[in-house]
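# Understanding the architecture of this molecule
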Amino acid sequence: MAKNLVIVESPTKVKTIKKFLGRNYTVVATMGHVRDLPKSQLGIDVENDFEPKYITIRGKGELLASLRKEVKKADMIYLATDPDREGEAISWHLIPSLRLSEKKYKRITFNEITKNAIKESFKHQRDIDMNLVDAQQARRVLDRIVGYSISPLLWAKVKRGLSAGRVQSVALRIICDREDEINAFIPKEYYTLDVELCGKGRRKLTASYYDADKKTSDIDSKQELDQIISDIDGCDFTVEALKQTPKTRKAPLPFTTSTMQQEASKALNFALSKTMLIAQQLYENGLITYLRTDSTRVSNEAKAAAAAYISREFGKDYLGGEMAKKSQGKNIQDAHEAIRPADLNLLPDKLKETASRDQYRLYSLIWKRFIASQMAAQKRITTSIRLDCNGHKFTAASTATIFDGFSRVYVLSDDPDQKKPKDLSAFEKGEILSAESHQAKQHFTQPKPHFTEASLVHTLEELGIGRPSTYSPTITTLLKRHYVIKDEKNLFVSELGEIVNKIMVESFSEIVDKTFTANMESLLDGVEAGEVEWKSIIRNFYPDLMKEVHVAEKELEKVEIKDEETDVICDKCGRHMVIKYGPHGRFLACPGFPECRNTKPYLEKIGVACPKCGKDIVIRKTKKGRKFYGCADYPDCDFMSWQRPVSKKCPRCGKYMVIRGRKIVCSDPECGYSEEVRDDD
C-alpha cells in the first residue's frame, strides 16, 4: 500500500507523475476547485467583516469522498496543485474538505512535469502560503461583490442574463472607447510620390518624395503634388548623400502568457481560449513549463541546455550573450519561469506523429521562440540614400542581413525590415540617375484599427489590468454575453455592449476606470507579497460601490432593446423573423413567441451571388466549427468555398474569384490569375 499521497489538479497529469514517482506514491486529482462561493447568493458575510462562505461545489461530493478514502490510507499527503494563486487556494481548500488537519501534509510545487522537476519539488516541501491564498480570496471576493451587485441591476434595467465584472467591464470600455475614436475620425486626404530611377549599369532604384522641413513623405494637396511633378519632369536625380548604418536586433524574449497568446493569434490564427486550452494540454503532458506566467526568467539548467543545442547545431557564433532586458515593473510576478519546452531534445518534428496538429503548431512556436531567445542578435546594414532633383528631396533605404543570428530559427512577426528592398550599397555619392517613371498615389489617413484579441491583451497588459490567467476568460465572457462581436479577427461592439458600457461609465465610473483597476491589481500583488491585509481592500471598496448601486437603482431608466428584424418570413405565421442569441450563437426566431415557436438557423449573407444559381452566398460552419461559404439554397444548390468569394469575375477565364490573404485570386488554380485586394472588394 502506498504510504504517500500526491494530490494534483488535473487528471491528465496523474499518469505522467505516477510514472516518475513509483509504487510508493499514489497520485490523484481534484479536477480543479473543490470549494467556492455559492452561486445562489452573494456568499460573503458583509456584517462579519466580509467573511467568505465557502461550500462544496455541486457534483464534487463523490470525488471528495473518494479522496478522503485515499487520505486515510496515506501516512503523508503532498498538495501539488498548480504553482499560482489559484493552485495555492485549491490546496488550502483541501485541508478542511479532506480533514487534512488530522494528517501530515505539505505543499510542493513544480514548474514543469519532468522527472527532475518533480523529484526536486520534494526537497522543497513547505506550508501553505497564506499570502497567495489571501490574494486569490481578495480577487474572488472583489469579483463576486462587483458581479452580484451590478448584474441584477443590469437585469432589471436592460435584460436578464447580463453581467458586469471588475476586469470585464474595463475591457469592454477600452473596446468601446476605440470604437468611439474610429467613429469620430475624420479622414484627411494626402498624396505620396514614388519615382523609378535608373543608374549606371541599369541598376534600378525606387525613391520616395520626402519633405525635409516637415520630416514627412506626405504631400498635403493635389496642387502641391502637381507642382512637384512639374518641377522634376525631365530632370536628373543626383545622389546627394549615402549613409550605411549597422543595425542590431536583439533576440526576442521567451514567451510569457500574454506574448504567447498574441503571437499564436498572429502566427497561427488561434483564439485566446484555443491557445490556452492547447497550452494546458502541452503542460499536462510534460511538454512545456507552466503556462500562466508574466515572467521572462529562465533557469540556469534550461540556459545551459539551449547553449549546448545552439553550439552543436549552428556553431558558437550563434550563442547569445545576455538576453534583452524587459522592463519589469511592480506588476510582474516572478514566481516561475517563462514558457519554454520542458525538454529541448524533443524537437517539434518528433511531435508530429503523436500530437494533434494544433498541439504540434503551438509547441513548435514555443520551442522556436525559446531557442531564438538564447541566440545571438541579428546583424544588418541599413543603406539610406538621399537624392535631389531640382530642389526636391527623395529618399530610399534598404536593409541587408550580414548575420542572421536568432532569425535562423525564428522570424519576428513585427519585423519592419522584412519588406524593404535588397541592398542599395552599390550606388555612389554624386551619381546621376534618370527617371523612368513616377507613381503618385492618393491616400486618406486611417483611424486606429479595431481591437483584435491579441491587441486587446497587449493593451490590458500595458495598462496593468488583469493577469495572465484572466485575459482569455475576460474576452470569452465579452463574446459570450454578446457585448462584443468577432468578425474575422476584429472585435466590434454590439448595441447591447454599448448600452451596458454606457450604464457602467455613467453609474460606476470607478469600476471602469483604467487607473483604478490597475491600482487594484497592484494592491492584490501587495497581498501576495504580505504587504497588504486582504480584507482592508474590501472594506475600502464596498461602501462606495453600494452608494453607486443605490443611486443607479433610483435614477437609471429601463432600456428597451429591440430584437433585430430580418427580411426572413416565418413560414408558420407570416411575421418577419428576428435575430436571437443562444448558447451556440445567433439564430432566427419568430417574434410571436410563445404563440409561435418557429426557429431557423441564422445565415449571414456576404453580399455576393452564388456563381451556380445566382442566389445569396451565406456563411456556414462544419460540424467541427470550421467556417466556409455556401449557397443559401442548399441542398438544392451545392456550391461551397473555403475562401470568401467576391462579386468580381476573373478577367482571364471568367470564373468566380476568392480572397486569399491580401489578394483576390481565381478560384481555378490552373488559371492562376491574382490581383491586390482593393477597399471595395
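This is a predicted model, so every value here is computed, not measured.

Time to look at the sheet that holds strand β11 (residues 237–249). Taken in spatial order, the six strands close into a barrel running β9-β10-β13-β12-β11-β14, and their pairing is antiparallel. Each neighbouring strand pair of the sheet contributes to a mean axis angle of 35 degrees, computed without reference to strand direction. Direction of pairing for β11 relative to strand β14 (residues 432–444): antiparallel, over a ladder of two bridges. Bridge pairing links T238 to I432 in β14. Contacts between helix α7 (residues 222–232) and the sheet are confined to β9 (189–198), β10 (204–209), β11, β12 (378–389), β13 (392–403) and β14, with β9 contributing the most and set at about 15 degrees to the helix.

Taken as a whole, this structure holds 14 aromatic pairs when the rule is applied. Look at F314 and Y318: their rings are 5.9 Å apart centre to centre, the planes differ by 50 degrees, and that puts the pair in the tilted class. Aromatic side chains F516 and F541 sit 6.2 Å apart centroid to centroid with 25 degrees between the ring planes, which places their arrangement in the stacked category. On the criterion of sequence distance, the pair formed by F516 in helix α16 (residues 514–528) and F541 in helix α17 (residues 534–555) is long-range, its members being 25 residues apart. Using a relative accessible area of 18% as the deciding quantity, one classes F516 as buried. Members of the aromatic cluster, each reached through a chain of ring pairs, are Y309, F314, Y318, W367 and F403. We note R144 situated over the ring of Y148; from NZ or CZ to the ring centre the distance is 4.0 Å.

Another aspect to go through is the packing of helix α6 (residues 168–184) against helix α14 (residues 471–480). Between α6 and α14, whose axes approach to 9 Å, the crossing angle comes to 70 degrees. In this view, α6 runs roughly perpendicular relative to α14, as classed from their interaxial angle. For the pair α6 and α14, the sense of crossing is right-handed. Contacts from Q168, A171, L172 and I175 in α6 reach T474, T477 and L478 in α14. Residue classes in the contact of α6 with α14 are distributed as four nonpolar, three polar and no charged.

What counts, and where the lines are drawn
- Residues numbered from 1 in each chain as written.
- Predicted model: local features only at pLDDT ≥ 70, side-chain atom pairs only at ≥ 80, totals over all residues.
- Heavy atoms only, no water.
- Pairing = 2+ DSSP bridges.
- Helix = DSSP H or I, 4+ residues; strand = E, 2+ residues; numbered from the N terminus.
- Axes fitted to C-alpha atoms, helices over the stretch in contact; angles between N-to-C directions.
- Contact = heavy atoms within 4.5 Å.
- Phe/Tyr/Trp six-rings, centres within 6.5 Å; stacked < 30°, edge-to-face > 60°.
- Buried < 20%, exposed > 50% of the residue type's maximum accessible area, 1.4 Å probe, protein only.
- Lys NZ or Arg CZ within 6 Å of the ring centre and 35° of its normal.
- Parallel < 35°, antiparallel > 145°, perpendicular 65-115°, else oblique.
- Left-handed = near helix turned anticlockwise from the far one by under 90°.
- Nonpolar A, V, L, I, M, F, W, Y, C, P; charged D, E, K, R; others polar.

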